[in-house]
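Commentary on secondary and tertiary structure
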Amino acid sequence: MPNLSYALQQHFGFSKFRPNQEKIIQNVLDGNDVLALMPTGGGKSLCYQLPAIIREGLTLVISPLIALMKDQVDALKLAGIPAAFYNSSLSSTEQEHISEQLTKGELKLLYLSPERLFMNDGAFLNFLKTLNINLFAIDEAHCISQWGHDFRPEYRFLDQLKTKFPKIPVLALTATADVITRKDILERLNFPDPKVFISSFNRPNIEYHVRPKQEYYEEILDYLKAHPNDSGIIYTLSRRNTEELAENLQEDGISALPYHAGLNRETRNKNQDKFLRDEVNVIVATIAFGMGIDKSNVRFVIHACLPKNIEGYYQETGRAGRDGLKSDAILFFGWGDVQKLKYFTQLEDNPEQTKILEEKLEQMIRFSTTRTCRRKYLLNYFDETAEASCNSCDICLSTHEKWDATIPSQKLLSAVVRLKEGFGMNYVIDFLHGSKSQKIRDWHKELKTYGVGKDIPKEDWKDYTRQLIDLEYLKQEGEYPTLQLTENSKKVLLGKEKVFLFKAEKPATSVSEKSKNVLELERDEALFQKLREIRKEIADQENVPAFVIFSDATLNELAVYFPQNKEDLKKISGFGDVKITKYGDVFLEVVVSYCTENQFESNMSEKPTQPKRKKRKQKISSSKKESLRLFQEGKSLEEIAEIRGFVKSTISSHLMPFVISGEIKVEALVPPEKIPLIEAAAKENPDIGLKPIKEALGDNFSYDEIRAVVNHLRK
Ligand code: ADP
Ligand code: MG
């Protein structure tokens, strides 16, 4: 049996397999039929590409989209792997050339659409039978099922594969998780004895945020300005929205373009291409955009409108961070959108389907309004278990303590009453604050509630107002929205109901600030940008999108470790043998001369098999420092959790940066006799994520203990 890890390094430049990849490949090589469920970005392509390379013969890849085929084939060719696609975009000369290559056995992979396979009454199929085919890979396999979200009739033909080619193994791959679709795929493909591999659908590098949909344009703009070099997608509901938003952003100096099914084909392709080639940073799109976009360096996905269901949300956010680097998913939630979407759920003469759609929307609302971990909510939705706190969603990152805000709420509501529900949020707050401004009508300055809210900063008032709107104690109505009372307001004004709010969040700590978390890699930004430029130049020469040359993850490592020679390059993720030969010198020259200019030394000696965690530049939040202070006072995790109103696991993760920095000794958190056992288990299970370690160790070891030792090892 060939050494799979060696082949992985040699051809792809990756040092280790992602979860399940190796098992899937092994099964394929053993001749089994396999169904692999892996989240977007999980690395499905590699599961058929690697067997294709190391096996004699030809691997056929069935894929629904032409754009997708082209990028994959380009990427393979650049890595020195002979591959081609066969579809209607090719001229007849090109088609003949490929047939010739196939007959000569010169290709390792051939990509085609399902309808191609069965074309001309099976003439092509008969031609294929004369070739030495070692594997059929069916990408986006959910397209075969009507239960999936993207049914394609032409995929139905694939039910003949096992009868026509009983001896050739089939690998079906999809990122669609639900049980009905899964069953349906297996039935349709007629696998006699399928092996099924289901990966976790957790996307640890995506940080989930939900923001109230107010002044969301400003917030999006702030975010984009804080991330000027990042690529991302903004989803909106209507075609008109996408164009308006893209236009506004352009006027505000952001490089953005729209995309929706109503644009003519040429514009659509042009806009998509610019995005793929990093010539435009932001694409503002309806959900028509994305399927088949394999761009690996999408750093953020923003939903300016609420998606219809969790499946859609998960898929769309999943387009961020395929390269494994930290990425943001930001959703703006407003009740106005809910109203609109409710309307769409109502299907005439179909009460059953209507009910399903309503329930799915309801789940989406619950996700958006939950005050518990968002990641947990998503994973539970897909029938997966999860820890109570992920430390990388807005809920887990915020100091989410609620307090009894009945009195300020009463002040605000009575101000709205006094102002006869005729003024907007800013006016009401200025009024509460006792503003001396001309803007405040003189007779308002005589009212009893004028100035009763001086004790609370204006920004906090805004936050409370938004929360009160979310909780439906207030509503905003009209073209120039004025604050108005709701059914629920009276109960509060009469003292019959208490209001609990979250502590005010500073707008400054919106996503752009918070997202600088401890796990981020430390890189030299100037060098990184230089490398991006070089990559862009090469990509343009080769006429492919930049990420096909190297992913951002690869450039990131270059800008962290400063490799000085080709030996060093071998240790950089993404540099396989062919790419070292082809591009090694160009990239080395940039890195080496940058180091000389700045008198930097290489960091290669610090490169562990796992990426290095951010050490120097890390920002430690004051909340974490507070937990540290209490811990150093000798309090236990339970006590600190009690004092601070968090769960214990949150406190434990607060302390982790200090374990890494050495300020806390691991022995202070874990009984000494357990440490070597956890260390051994951690070394056995070097993947990101504590779950496999926990499973290996059993019930006597807590996640808190394991986390502490793992972070200690990182030190
Ligand atoms: P999927 O089809 O599951 O969405 P892809 O096959 O497009 O995912 O892979 C996503 C990214 O992950 C690609 O940039 C790919 O090169 C990278 N990748 C795949 N396997 C590995 C691995 N073992 N180590 C590092 N990167 C990998
Ligand atoms: Mg894929």
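The rules behind the values
- Residues numbered from 1 in each chain as written.
- Chains lettered and ligands numbered in written order.
- Predicted model: local features only at pLDDT ≥ 70, side-chain atom pairs only at ≥ 80, totals over all residues.
- Heavy atoms only, no water.
- Helix = DSSP H or I, 4+ residues; strand = E, 2+ residues; numbered from the N terminus.
- Near = heavy atom within 4 Å.
- Polar contact = N/O pair within 3.5 Å; in protein donor to acceptor, adjacent residues only side chain to side chain.
- Areas by Shrake-Rupley, 256 points an atom, 1.4 Å probe, with all protein chains shown as cover.
- Nonpolar A, V, L, I, M, F, W, Y, C, P; charged D, E, K, R; others polar.
- Buried < 20%, exposed > 50% of the residue type's maximum accessible area, 1.4 Å probe, protein only.
- pLDDT = per-residue confidence, 0-100.
- Contact = heavy atoms within 4.5 Å.
- Pairing = 2+ DSSP bridges.
- Axes fitted to C-alpha atoms, helices over the stretch in contact; angles between N-to-C directions.
- Phe/Tyr/Trp six-rings, centres within 6.5 Å; stacked < 30°, edge-to-face > 60°.
- Lys NZ or Arg CZ within 6 Å of the ring centre and 35° of its normal.
- Parallel < 35°, antiparallel > 145°, perpendicular 65-115°, else oblique.
- Left-handed = near helix turned anticlockwise from the far one by under 90°.
- Salt bridge = Lys/Arg side-chain N within 4 Å of Asp/Glu carboxyl O.

The residue asparagine 126 is located in helix α7 (residues 119–129) in this model. C-alpha separation for the pair asparagine 126 and valine 659, spaced 533 residues apart in sequence, amounts to 63 Å.

Further remarks concern the site of ligand 1. Around ligand 1 there are 13 residues in total, and Lys16, Gly41, Lys44, Ser45 and Arg322 lie nearest to it. One of the backbone N or O atoms of lysine 16 is found 2.9 Å from a nitrogen atom in ligand 1. The backbone of glycine 42 places a nitrogen or oxygen atom 3.4 Å from an oxygen atom of ligand 1. When ligand 1 sits alone it has 570 Å² of accessible area, and the protein chains cover 82% of it. Across the shell around ligand 1, the residue classes tally to 3 nonpolar, 6 polar and 4 charged.

Let us look at unusual backbone geometry. Glycine aside, negative phi is the norm for most residues, and most peptide bonds take the trans geometry. One non-glycine residue, glutamate 215, lies in positive phi territory at about 45°. Structurally, the position occupied by glutamate 215 is in the loop between β8 (206–212) and α10 (216–226). What makes glutamate 215 partly exposed here is its relative accessible area of 41%. Even without being glycine, phenylalanine 562 reaches a positive phi, approximately 45°. Looking at the element boundaries, phenylalanine 562 is found in the loop between α25 (552–561) and α26 (566–570). Given a relative accessible area of 7%, phenylalanine 562 falls into the buried group.

Quick look at the confidence of the model for the protein chain now. This prediction gives the protein chain a mean pLDDT of 87; 93% of its residues lie at or above 70. Considering only residues more than four positions removed or in separate chains, one finds that residues 506–510, a stretch of pLDDT under 50, has 6 contacts. Overall, residues 610–619 carries pLDDT values under 50, and its contacts beyond four positions in sequence, including any with other chains, amount to 21 contacts.

With that out of the way, let us pick up the sheet that holds strand β3 (residues 83–86). With parallel pairing, 7 strands are arranged side by side in an open sheet as β3-β4-β2-β5-β6-β1-β7. Of all the strands in the sheet, the pair left with one neighbour each is β3 and β7 (195–198). Each neighbouring strand pair of the sheet contributes to a mean axis angle of 20°, computed without reference to strand direction. The pairing of strand β1 (residues 34–37) with strand β6 (residues 170–174) spans 4 bridges and is classified as parallel. Residue pairing across strands places valine 34 opposite leucine 171, the latter belonging to β6. Lying on the sheet, helix α3 (residues 44–54) is in contact with β2 (58–62), β4 (109–112), β5 (133–138) and β6; it crosses β6 at an angle near 160°.

On to the environment of glutamate 497, then. Mapped onto the elements, glutamate 497 comes out in the loop between α21 (487–493) and β17 (500–502). The exposure class assigned to glutamate 497 is partly exposed, which follows from its relative accessible area of 25%. Separated by 142 residues in sequence, glutamate 497 and glutamate 639 place their C-alpha atoms 31 Å apart. A distance of 2.6 Å separates a polar atom in the side chain of glutamate 497 from a polar atom in the side chain of tyrosine 473.

Take the pairing of strand β9 (residues 231–235) next. By the criterion of burial, β9 is predominantly enclosed, with 5 of the 5 residues buried. Side chains Ser231, Ile233 and Tyr235 project from β9 onto one buried face, and the interleaved Gly232 and Ile234 project onto a second face that is buried too. Bridge analysis of β9 against strand β12 (residues 298–303) gives 5 bridges, and the strand direction is parallel. Counted as the bridge partner of tyrosine 235 is histidine 303 from β12.

With respect to the helices, strands and loops of the structure, aspartate 430 is situated in helix α19 (residues 425–432). Note on aspartate 430: relative accessible area 11%, which makes it buried. Sequence-distant contacts of aspartate 430, that is, excluding residues within four places in its chain, are made with Ser435, Lys439, Ile440 and Lys458.

The next subject is the packing of aromatic side chains. According to the stated counting rule, one finds 27 aromatic pairs in the structure shown. For the ring pair phenylalanine 201 and tyrosine 314, a centre distance of 6.1 Å and an interplane angle of 45° mean the geometry is tilted. Here phenylalanine 201 is found in the loop between β7 and β8, whereas its partner tyrosine 314 is found in helix α13 (residues 310–317), with 113 residues between them in sequence. Put simply, the rings of Phe201, Tyr314, Tyr381 and Phe382 pair up and form one aromatic cluster. Lying over the aromatic face of tyrosine 216, lysine 213 brings its terminal NZ or CZ to 4.8 Å of the ring centre.

Where α13 meets helix α16 (residues 374–381), the closest approach of the two axes is 11 Å, and the angle between their N-to-C directions is 120°. By the angle class used here, α13 and α16 are oblique. The handedness of the crossing between α13 and α16 comes out as left-handed. Across the interface between the two elements, Ile310, Glu311 and Tyr313 of α13 pack against Tyr377, Leu378 and Tyr381 of α16.

This paragraph deals with the pattern of salt bridges. For the structure on display, the rule yields 36 salt bridges. The shortest N-O distance in the salt bridge between aspartate 704 and arginine 707 comes to 3.2 Å. Of this pair, aspartate 704 and arginine 707 both sit in helix α33 (residues 703–714), 3 residues apart, which is roughly one turn of the helix. For arginine 707, a relative accessible area of 9% puts it in the buried group. Overlapping salt bridges bring together Asp278, Lys295, Arg299, Asp323, Arg535 and Asp552 as one network.

With respect to the helices and strands, glutamate 557 occurs in helix α25. Overall, the relative accessible area of 12% leaves glutamate 557 in the buried class. The contact partners of glutamate 557, leaving out residues within four places of it in the chain, are Phe562, Lys571, Ile572, Ser573 and Lys607.

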